[in-house]
Amino acid sequence: MSVSGAMYTGISGMKAQSEATSVVSNNLANSTTTAFKSSSVQFEDVFYSTVYAGGSVDQVGHGVTTASIDTDFSQGSYESTNEATDLALNGNGYFIVVDPDNGNTYYTRAGNFDFNEEGFLVDAHGNVVQGWQMSDGSATGSLTDVMLDSSQSPPNPTSEITLSLNLDASSDNYSEATNQYTALFNNYDGTDDPALDESRYSYSTTMTIYDENGTSHDLTVYLDPVGEDDDGDMVWEYVVACDPDEDQRTDLEGTSGAGLLMTGTLTFSSSGQLTNMTAFTYSDSPSVAGDPTNEANWELAEFDDSGYPIMNVNFTGSSTDQEITMNFGLTNKDVSGTGWDTSGGIDSLDDITSTTDADDLPTFNSSSLGVSATTCYSDSSSATYSKYQDGYATGTLLNVEVNENGVLYGIYSNGVESALFQVAVADFTNEEGLNAEGSNLFSATTESGQPVIGTAGSASFGTIASNTLEGSNVDTATEMTNLIIIQSAYQANSKVITTADDMIQIAVGLKS
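A few points on the structure. (Residues numbered from 1 in each chain as written. Predicted model: local features only at pLDDT ≥ 70, side-chain atom pairs only at ≥ 80, totals over all residues. Heavy atoms only, no water.)

### Quick look at the overall build of the protein
In terms of helices and strands, the protein carries three helices and 37 strands. Relative to the compact-globule value of 24 Å for 512 residues, the protein shows a C-alpha radius of gyration of 40 Å, a clear excess of over 25%. For the protein, the spread of C-alpha atoms along the principal axes amounts to about 145 × 45 × 35 Å. Burial statistics for the protein: of 512 residues in total, 44% are counted as buried. In the protein, 65% of the contacts between residues at least 6 apart in sequence involve partners at least 24 apart. When the accessible surface of the protein is summed, it comes to about 24,400 Å², and 44% of that surface belongs to carbon and sulfur atoms. For the protein, the separation between the mean place of its 9 positive charges and that of its 75 negative charges on side chains is 25 Å. (Helix = DSSP H or I, 4+ residues; strand = E, 2+ residues; numbered from the N terminus. Rg over C-alpha atoms; globule rule 2.2 N^0.38 Å. Buried < 20%, exposed > 50% of the residue type's maximum accessible area, 1.4 Å probe, protein only. Contact = heavy atoms within 4.5 Å. Areas by Shrake-Rupley, 256 points an atom, 1.4 Å probe, with all protein chains shown as cover. Lys, Arg positive; Asp, Glu negative; His and termini not counted. Charge placed at Lys NZ, Arg CZ, Asp CG, Glu CD.)

### Here we look at the sheet that holds strand β6 (residues 86-90)
With antiparallel pairing, the three strands of this open sheet are ordered in space as β9-β6-β36. Across the chains shown, the open sheet's two edge strands, defined by having one partner strand only, are β9 (111-112) and β36 (463-466). Note: β6 against β36, four bridges, orientation antiparallel. Pairing of Ala88 across the sheet is with Ala465, part of β36. (Pairing = 2+ DSSP bridges.)

### Structural notes on the side chain of Gln130
Among the structural elements, Gln130 can be located in strand β12 (residues 128-135). By relative accessible area, which is 8% here, Gln130 ends up buried. A distance of 2.8 Å separates polar atoms of two side chains, one belonging to Gln130 and the other to Asp145. Those residues within four positions of Gln130 in sequence are excluded, and the remaining contacts are Ile96, Val98, Leu143, Thr144, Asp145, Val146, Val423 and Ala424. (Polar contact = N/O pair within 3.5 Å; in protein donor to acceptor, adjacent residues only side chain to side chain.)

### Observations regarding the packing of aromatic side chains
Aromatic ring pairs: the centre-centre distance and the angle between the two ring planes describe each pair. With the rule as written, the count across this model stands at twelve aromatic pairs. Note on Phe185 and Trp298: the rings are 5.4 Å apart at their centroids and 75° apart in plane angle, and the pair reads as edge-to-face. With Phe185 in helix α2 (residues 183-187) and Trp298 in strand β22 (residues 298-300), this pair connects stretches of sequence that are 113 residues apart. Owing to a relative accessible area of 5%, Phe185 belongs among the buried residues under this scheme. Accessibility expressed as a relative area gives 0% for Trp298, which makes it buried. With 5.2 Å between their ring centres and 90° between their planes, Phe303 and Phe364 make a pair best called edge-to-face. Taken together, the residues span a long stretch of sequence, with Phe303 in the loop between β22 and β23 (310-313) and Phe364 in strand β27 (residues 363-364) at a distance of 61 residues. (Phe/Tyr/Trp six-rings, centres within 6.5 Å; stacked < 30°, edge-to-face > 60°.)

### Regarding a negative patch on the surface
Residues Asp284, Glu299, Glu302, Asp321, Glu323, Asp347, Asp350 and Asp351 make up a contiguous surface patch of negative charge. Counting through the fold element by element, Glu323 comes out in strand β24 (residues 322-327). (Patch = residues over 30% accessible without salt bridge, like charges linked within 9 Å, V, L, I, M, F, W, Y side chains within 5 Å. Salt bridge = Lys/Arg side-chain N within 4 Å of Asp/Glu carboxyl O.)

### A closer look at the nonpolar core
In this structure, Tyr238 and Phe328 are the most contacted members of the largest nonpolar core, which totals 57 residues. With eight residues, the single largest contributor to this core is strand β18 (residues 234-242). Membership of the second largest hydrophobic core comes to 23 residues, among which are Val146, Val402, Ala456 and Phe461. (Core = buried A, V, L, I, M, F, W, Y, C linked by side-chain atoms within 4.5 Å.)

### Concerning the sheet that holds β24
If you walk across this open sheet you meet the four strands as β23-β24-β15-β29, and the pairing is mixed. The open sheet has two free edges, formed respectively by β23 and β29 (383-389), since each of these has just one partner strand. When strand polarity is set aside, the average angle formed by the axes of neighbouring strands in this sheet is 25°. Pairing analysis gives six bridges linking strand β15 (residues 160-166) to β29, with the strands arranged antiparallel. Residue pairing across strands places Ile161 opposite Gln389, the latter belonging to β29. (Axes fitted to C-alpha atoms, helices over the stretch in contact; angles between N-to-C directions.)

### Quick look at the pairing of strand β3 (residues 56-61)
For strand β2 (residues 48-53) and β3, the ladder comprises six bridges, and the chain directions are antiparallel. For Ala53, the partnering residue across the bridge sits in β3 and is Ser56. The turn linking β2 back onto β3 is made up of two residues, and Gly54 within it adopts a positive phi angle of 60°.

### Let's talk about the environment of Leu266
As for its placement among the helices and strands, Leu266 is situated in strand β19 (residues 260-268). Linking Leu266 and Ser368, residues 102 residues apart in sequence, is a C-alpha distance of 14 Å. In this structure, Leu266 is in contact with Leu167, Leu223, Met234, Val235, Trp236, Tyr238, Leu274, Asn276, Met277 and Phe328, ignoring residues within four places of it in sequence.

### Some words on the packing of helix α1 (residues 3-29) against helix α3 (residues 476-509)
Orientation of α1 relative to α3, taken along the N-to-C sense of each, is 160°, at an axis distance of 8 Å. What the angle tells us is that α1 and α3 run roughly antiparallel. As α1 runs across α3, the sense of the crossing is left-handed. Its residues assigned to classes, the contact of α1 with α3 comprises 18 nonpolar, eleven polar and two charged. (Parallel < 35°, antiparallel > 145°, perpendicular 65-115°, else oblique. Left-handed = near helix turned anticlockwise from the far one by under 90°. Nonpolar A, V, L, I, M, F, W, Y, C, P; charged D, E, K, R; others polar.)

Printed below as a string of structure tokens:
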């Protein structure tokens, strides 16, 4: 090989080390870039010339060139943030984003997302994050833009009420009536204020319920002891009522029965455990039309599928009443037929007389006592231990949360936590085949293969950490060491060139 050939070999070495310097400098420049993946240069020798010397054949190389620039796709360290929409993947996968301007799809490990003014979840460059809408707790439909299309949670009308009480077994009977089983019912008058004077009952508890428009209403349960039977069982009468002025049920609006929703009895054993419950509601087909004071118009309530008696309310004037179940802790496990055992001959409130024995009261076909059922103890005063209703008003969005499976929840002011979207993730057979687009984005190529799309935490996909970002995987110490090695190699190759130049100058000087 000629001296000039050695010079060109040195030049190839300097060029290769220059390219390596560019890679290292890019790595160092992005040592704090979110989810950046470092690169490294791989070199290879180039073609060889055949040299004949001393009867043998040898080869002389002509320098070096860059074989490949490989990307290290190993995971970077986690960095905690204060944003719930900052997401990091722990394991395999990429977030999927779409450019809204041209529809191009990109893949990224950088999960620094936020909602824009239109409600779309986007990255720093406005690319929209992709996922599935949630319905009944499951992802549905095709891949779509993740967005908050409403900042409100719709109201939910109350459909279930649960009360856990203790009634003082030593309480006095306050209601004055010939028939103590129906004393509260007969003393109730929806045209008076109050509809039931406090001198007529022993205990009451009030809770807030909601209609279909999300408007709140007070509902009160009044209770008064009937007395103790020959078996030592204690019976209490109860009445469930709302504000009479808000009651818009047909036949009851504006009458003395306005606001009266349900009446019945609670029977307790001598040990204070709830053993039976009756529930009467105003009949759909009253015997005496428009007369809510007629006891014959109050018939045994129907049951829902869970075995709780149903009462009807109407606060909005709707053509269909709102149904609410009443649960004191006793469940009917057999709602076949009417759900009631009426072997005692009682089908309506009118059938209960002052001489009725507690054993003759209607019973559930098959009752089951709950853990927190209402009790009647003499050594404890009457009190409300817990009360629950499943309705709520319209709520405004307060915050969002994302779980490890990428499900995005909306947290609303009415206490509702609603699953809105599930963020999609993608993976590739050959990550090395991805094309880096800048801005922390990659695009798929024929070398990478088509993306496999799924949900975080399933199959081979990693899980998602909220309030977290993946950091750069650049190791600064390693890159600085590489820089020293590259500098030395560059300097050595430059010496080859200067040496070759000196040799050429010597050869030129021979003529002089």
